[in-house]
Amino acid sequence: MRRFIDFVVRFKNYITLGTLVVMSFAFMSVGSLSQLGGFRAVIVGSIGWMQSLFAWIPNPVALKSENLALRELNLQLAVESARSRQSMVENATLRKMLELPAYTDYHLIAADVIGKTTTQSRNYATINKGIEDGVQEGMCCITDAGLVGIVIGTSPHFAVLQLLLNRDTRVSAKVQRTRVDGIIQWEGETFLVLKNVPRSLDVQAGDVVLTSSYSQKYPANIVIGRATQVSEEANSLFRRVVVEPAVNFATLEQLFVVDTRPNSERVALERRTDERLPQRSTP
Amino acid sequence: MALNFDLHRSQFVTNPALRFVVYAVVALLLNVVHVVFLRFVAVSSVTPDLLLILTVWIAIVEGQFTGMIAGFLAGLLFDVVSADVLGSNALAKTAAGFVAGYFWREGYAMQTIGSYRFLLVVALAGGVHNLLYYFFYVRPMQISFGMFFLKYGVATTLYTTVAAVFPMLYVNRRKDQ
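Asker: Report on the overall build of chain A, specifying residues and quantitative values.
Answerer: Helix and strand counts for chain A come out as five helices and 12 strands. Of all 283 residues assigned to chain A, the portion counted as buried reaches 31%.

Here it is as structure tokens:
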């Protein structure tokens, strides 16, 4: 016993290091904050309250670039508005002819971004709307420019969003022009990558990338961004398509939470199929 | 007034319980600063890791054992507050406390913190911290760890080392007085 105590005292630093490393791995296996149940709402609420106290502090650099981005967007919208008026008339006529259902109008919840963590690769934002305003986990968020991210945590008056520029981002996407499918991921910096695009399919720089109807999490046809670079991946059958997000995350101040939840019947069916086919995965 | 200050200072030096309470309060405050204010000093989305500087400080003043435990608790608190993967910062800061603890010398803590050696310890502990943190960070992303570490890990380590100049100068000034 004496020997054991001497051993522990002599190597206490290494034993402590080993114990703390094992405890850290145990916590990592638990996963993200989302698996801590009610404790999470307290954290989200507290952080949201603190961030709302200081949300009035302006960030001059962000304001300047937002002004520039808004001017560019205004110019683009003016041109697109004229085109879309014409297209809407044509679209309505064609849909009637083909007897297709009308596009779904989503209920949007307007919210202000009161806190952002876009530093050191932790890309999250806090908004001033929560459960009492109808916001729920899993709802996606958009701006006039395009897709922002998804709600991952809620409290009665606040919600935390996982922005698109996040390592956990997986969005089922398609190229608007050619309807080519792929999966949007983030690989660092301020751009996204469209993966799983075979070399034989047509994707070009300048193509608009939208959310696809395959996704359970995101409604279809929301703009994600524009392809800026298309290159061949070495030793691969796929292309690497770099996508510039449509949303400027540095200047994000207002957004809309889209009040949609996955269709439970579809989720149940796909879950049953997943159980039978374990290799299949749906982003 | 001066007498009062000296009394408080001596109590802080001799009373470990008081010191640990102060460390805990400082860690809480730094967490709030990290989440609420640090975006204002971000350079290309890179910010200094203030909790790492605190961990190194504690390891140099209290030793390796306390430094590791302080790093673990500070990291765990940050994981909870920043919505990061639970345990990732705890692991990295435990390792940082372990590395920084090798520079503990009884009775020479303030000399170490008030000199350029403190910056070297922060850079070394920061390098180990970011190496571990980003190794686990990039695992779900299918990208090259080396490139990601060079972009974010090295930049964060450098910025943290620059931020560590302020406590170094503060202690250096107090030493001279």
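Right, picking up where we left off after that structure.
Asker: For the overall build of chain B, give the residues involved together with the corresponding values.
Answerer: The helix and strand tally for chain B stands at nine helices and zero strands. Traced from its N-terminal end to its C-terminal end, chain B shows the element sequence α-α-α-α-α-α-α-α-α. Among the 177 residues that make up chain B, the fraction classed as buried is 47%. Within chain B, contacts between residues separated by at least 24 positions form 69% of all contacts whose residues are at least 6 apart in sequence.

Asker: Break down the sheet that holds strand 11 (residues 238–245) of chain A for me, citing the residues and quoting the values.
Answerer: All names here are of chain A. Strand order in the closed barrel formed by six strands is 6-7-8-11-10-9, and the pairing between neighbours is antiparallel. Neighbour-to-neighbour, the strand axes of the sheet open up by a mean angle of 40°, direction not taken into account. Strand direction decides the pairing type here: strand 10 (residues 223–232) and strand 11, joined by seven bridges, are antiparallel. If you follow Gln-229 over to strand 11, its bridge partner there is Val-242.

Asker: Got a sec to walk through unusual backbone geometry? Specific residues and values, please.
Answerer: Residues and elements named next belong to chain A. The backbone of Arg-179 sits at a positive phi, close to 65°, despite the residue not being glycine. In this structure, Arg-179 sits in the loop between strand 6 (171–175) and strand 7 (181–186). For Arg-179, a count of 11 C-beta atoms within 10 Å gives the class exposed. Its identity as a non-glycine residue notwithstanding, Asn-221 has a phi of 70°, on the positive side. Mapped onto the elements, Asn-221 comes out in the loop between strand 9 (208–211) and strand 10. Assessed through the 13 C-beta atoms surrounding it within 10 Å, Asn-221 is described here as partly exposed.

Asker: Would you mind going over the interface of chain A and chain B in detail, with residue names and values included?
Answerer: With 35 residues of chain A at the contact, the number on the chain B side is 36 residues. Counting only elements with at least two residues in the side of chain A that touches chain B, the list comes to helix 2 (12–30), helix 3 (38–53), strand 1 (108–119) and strand 2 (122–127) of chain A. Sorting elements by how many residues they give to the side of chain A that touches chain B places helix 2 of chain A first, with 11 residues. Looking at the side of chain A that touches chain B, its residues break down into 14 nonpolar, 15 polar and six charged.

Asker: So what's going on with the packing of helix 3 (residues 50–62) of chain B against helix 7 (residues 116–137) of chain B? Residues and values would help.
Answerer: All names here are of chain B. The geometry of helix 3 relative to helix 7 is characterised by a closest axis approach of 10 Å and an angle of 120° between their N-to-C directions. With respect to each other, helix 3 and helix 7 are oriented oblique. Our pair here, helix 3 against helix 7, has a crossing hand that is right-handed. Contacts from Leu-52, Ile-53, Val-56 and Ile-60 in helix 3 reach Val-121, Val-122, Ala-125, Gly-126 and His-129 in helix 7.

Asker: Before we move on, could you go through the environment of Thr154(A) and cite the residues and values that matter?
Answerer: All names here are of chain A. Along the polypeptide, Thr-154 turns up in strand 4 (residues 147–154). On the basis of neighbour count, Thr-154 is assigned to the buried category, with 25 C-beta atoms found within 10 Å. Linking Thr-154 and Glu-137, residues 17 residues apart in sequence, is a C-alpha distance of 6.5 Å.

Asker: Could you give an account of the confidence of the model for chain B, naming the residues involved and the relevant values?
Answerer: This prediction gives chain B a mean pLDDT of 85; 90% of its residues lie at or above 70. Quick note on the complex model: pTM equals 0.67, ipTM equals 0.86.

Asker: Describe the pairing of strand 4 of chain A, naming the residues involved and giving the relevant values.
Answerer: All names here are of chain A. In terms of burial, strand 4 is largely enclosed, as eight of its eight residues are buried. Pairing analysis gives three bridges linking strand 3 (residues 140–142) to strand 4, with the strands arranged antiparallel. Bridged to Cys-140 within strand 4 is Ile-150. Between the antiparallel neighbours strand 3 and strand 4 lie four residues. Where strand 4 and strand 5 (residues 159–163) come together, five bridges link them in antiparallel fashion. In the strand pairing of strand 5, Gly-153 is matched with Val-160. The antiparallel hairpin formed by strand 4 and strand 5 contains four residues in its connecting segment.

Asker: Report on the packing of helix 2 (residues 16–36) of chain B against helix 4 (residues 64–81) of chain B, specifying residues and quantitative values.
Answerer: For any two helices packed against each other, one specifies the crossing angle of their axes together with the interaxial distance. Residue and element names in this part refer to chain B. Following both chains from N to C, one finds helix 2 and helix 4 inclined at 35°, their axes separated by 10 Å at the closest point. For the pair helix 2 and helix 4, the crossing hand works out as right-handed. Within the contact between the two elements, helix 2 uses Tyr-23, Ala-27, Asn-31, His-34 and Val-35 and helix 4 uses Ala-70, Ala-74, Leu-77, Phe-78 and Val-81.

Asker: Would you mind going over the pairing of strand 5 of chain A in detail, with residue names and values included?
Answerer: In terms of burial, strand 5 of chain A is largely enclosed, as five of its five residues are buried. Burial of strand 5 of chain A is two-sided: the residues Ala159(A), Leu161(A) and Leu163(A) facing one way and the residues Val160(A) and Gln162(A) facing the other way are all buried.

Asker: So what's going on with the nonpolar core? Residues and values would help.
Answerer: Of all hydrophobic cores here, the largest spans 105 residues; its most connected members are Cys141(A), Val148(A), Leu161(A), Ile224(A), Val56(B) and Ile60(B). Sort the elements by how many residues they give to this core and helix 3 of chain B lands first, with 10 residues. Both domains that meet at this core, namely domain 1 (60–166 + 252–261) and domain 2 (171–248) of chain A, each give it at least three residues.

Asker: Explain helix 4 of chain B to me, using residue names and the numbers behind them.
Answerer: Residues and elements named next belong to chain B. In this model, helix 4 (18 residues) spans 25 Å end to end at C-alpha, consistent with the 26 Å of a helix rising 1.5 Å per residue. Of all 18 residues in helix 4, 14 are buried, a share of seventy percent or more. Of the residues one or two after helix 4, Ala-83 is the one with positive phi, at around 60°.

What counts, and where the lines are drawn
- Residues numbered from 1 in each chain as written.
- Chains lettered and ligands numbered in written order.
- Predicted model: local features only at pLDDT ≥ 70, side-chain atom pairs only at ≥ 80, totals over all residues.
- Helix = DSSP H or I, 4+ residues; strand = E, 2+ residues; numbered from the N terminus.
- Buried ≥ 20, exposed ≤ 12 C-beta atoms within 10 Å, placed from the backbone.
- Contact = placed C-beta atoms within 7 Å.
- Pairing = 2+ DSSP bridges.
- Axes fitted to C-alpha atoms, helices over the stretch in contact; angles between N-to-C directions.
- Nonpolar A, V, L, I, M, F, W, Y, C, P; charged D, E, K, R; others polar.
- Parallel < 35°, antiparallel > 145°, perpendicular 65-115°, else oblique.
- Left-handed = near helix turned anticlockwise from the far one by under 90°.
- pLDDT = per-residue confidence, 0-100.
- Core = buried A, V, L, I, M, F, W, Y, C linked by C-beta atoms within 7 Å.
- Domains from an automatic or database assignment.
- Expected span 1.5 Å × (residues − 1).

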